[in-house]
Amino acid sequence: MANSKTPRLDELEKGRWPSFVKIMKRAAVKKPAAGDLLKQLELSYEEKVGHWKHGGIVGVRGYGGGVIGRYSDRPDRFPNVKEFHTFRVNQPSGWFYTSSALRQLCDIWDKYGSGLTNFHGATGDIILLGAPTENLQPCFDELSEHGFDLGGSGSDLRTPSACVGPARCEYACVDTLDLCHTITQEFQNELHRPMWPYKFKIKISGCPNDCVASIARSDLSVIGTWRDSIQVDPQAVAAYADQGLDIQGEICGKCPTRALSWHPERKELEIRREECVRCMHCINKMPKALRPGRERGATLLIGGKATMKESAFLGWVIVPFMKMEPPYTELLDLLRRIFNWWDERAKNRERIGELIYRLGMRAFLHDVGLPPVPQMVARPRANPYYYWRPEEVRSNG
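Reading guide: rules and limits
Residues numbered from 1 in each chain as written. Predicted model: local features only at pLDDT ≥ 70, side-chain atom pairs only at ≥ 80, totals over all residues. Heavy atoms only, no water. Salt bridge = Lys/Arg side-chain N within 4 Å of Asp/Glu carboxyl O. Buried < 20%, exposed > 50% of the residue type's maximum accessible area, 1.4 Å probe, protein only. Patch = residues over 30% accessible without salt bridge, like charges linked within 9 Å, V, L, I, M, F, W, Y side chains within 5 Å. Areas by Shrake-Rupley, 256 points an atom, 1.4 Å probe, with all protein chains shown as cover. Helix = DSSP H or I, 4+ residues; strand = E, 2+ residues; numbered from the N terminus. Pairing = 2+ DSSP bridges. Contact = heavy atoms within 4.5 Å. Axes fitted to C-alpha atoms, helices over the stretch in contact; angles between N-to-C directions.

With that settled, the discussion passes to the pattern of salt bridges. Any two side chains of opposite charge can pair, on the condition that their charged atoms come close. Under the definition given, this model contains 23 salt bridges. Among the salt bridges present, the one from Lys-14 reaches Glu-11, with a minimum N-O distance of 2.9 Å. Overall, Lys-14 belongs to the exposed group, its relative accessible area being 52%. Its relative accessible area of 42% is what places Glu-11 among the partly exposed residues.

Let us look at a nonpolar patch on the surface. A cluster of nonpolar side chains, Leu-12, Phe-20 and Tyr-45, forms an exposed patch at the surface whose accessible area comes to about 270 Å². Among the secondary structure elements, Tyr-45 is positioned in helix α3 (residues 32-47). Relative accessible area serves as the criterion here: at 34%, Tyr-45 is assigned to the partly exposed category.

This part covers the sheet that holds strand β8 (residues 220-226). Taking strand neighbours across the sheet as the criterion, the five strands line up as β6-β7-β8-β13-β14 in an open arrangement whose pairing is mixed. One side of each edge strand has no neighbouring strand; the edge strands of this open sheet are β6 (161-162) and β14 (316-322). Where β8 meets strand β13 (residues 296-302), seven bridges bridge the pair, whose relative direction is antiparallel. Bridge pairing in β13 links Leu-220 to Ile-302. Each of β7 (202-205), β8, β13 and β14 is contacted by helix α12 (residues 329-345), which is oriented at about 160° to β14, the strand it contacts most.

In structure tokens, the structure reads:
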């Protein structure tokens, strides 16, 4: 330890958990950039100051986004990370790969970059960490030759992402993989050429479990749901009761809207459809007895994001139920109207949730052509005044 060049980082190798330091040291054996990266990180830990300069977006031919520029502010000490640009590579829907595709990707990155990767970034992309400026275009060209495309970065549509959906999950109410692929193909210009006030993220979950956490971290959430009642297998419900499950306490007692009633004498579970908010708790606890309904589609929410100008937002419901069947015309048309409304009115670096917060949900709904519905209301309004638009006033004459 006394002779180590990175004593602080060495501490992170201790303990039960896998350490990124160990992986970086392994990469440093053949990649000088990985070695200098370790040394610069050690200096940051020592001085409690980050030593990266953000370089904005570094373009390749035909693309305005997809490569994030980063430069060391100590190139004199760490020349091999003087330029350490990051590729965002568009991931396949649901993050499904063949082993040959992964080998191709790693061989390309080993040739042009630091060899360090992040599977996956918060947006969903494959993250390739660290390449010099002169390697960006040849790396991109070779990625393209093997069928890979860059994802979004900068003030554009970020790479749409989705859960594994019907490929692996029995709860999926929409085909998340096909929908994600369709949106990605439809909005290539918006994905690759930054032209908006700020970024826009779309995440797709197949059911209300929301395994990609779309409500909290995407500007538009698409969450699979159903419009009819939960499907119930009475015999399986009785079997759960016979096996000792406390249906009253564990299922009905934890229903957020008290939509469930248990009749132990008949071993019967009653579901009041109009009270159910599709939280998935009962289905998750009794998967052999309960299933999502048959009339399936998706709920759309707008405005989720982390803290920036205006605190952290969860998404607002804007469409309680929309059928999600190819070619998804209704959704794609709505997205175009939303993009145009936001692009025309937002300030620089203002997310759409912040714009709605500033101008009001009423203005947003009116301008994009969505009708207000009760599912959008979190609580009864306290303001007794209502301002009518001229076109809403009916003449008595």
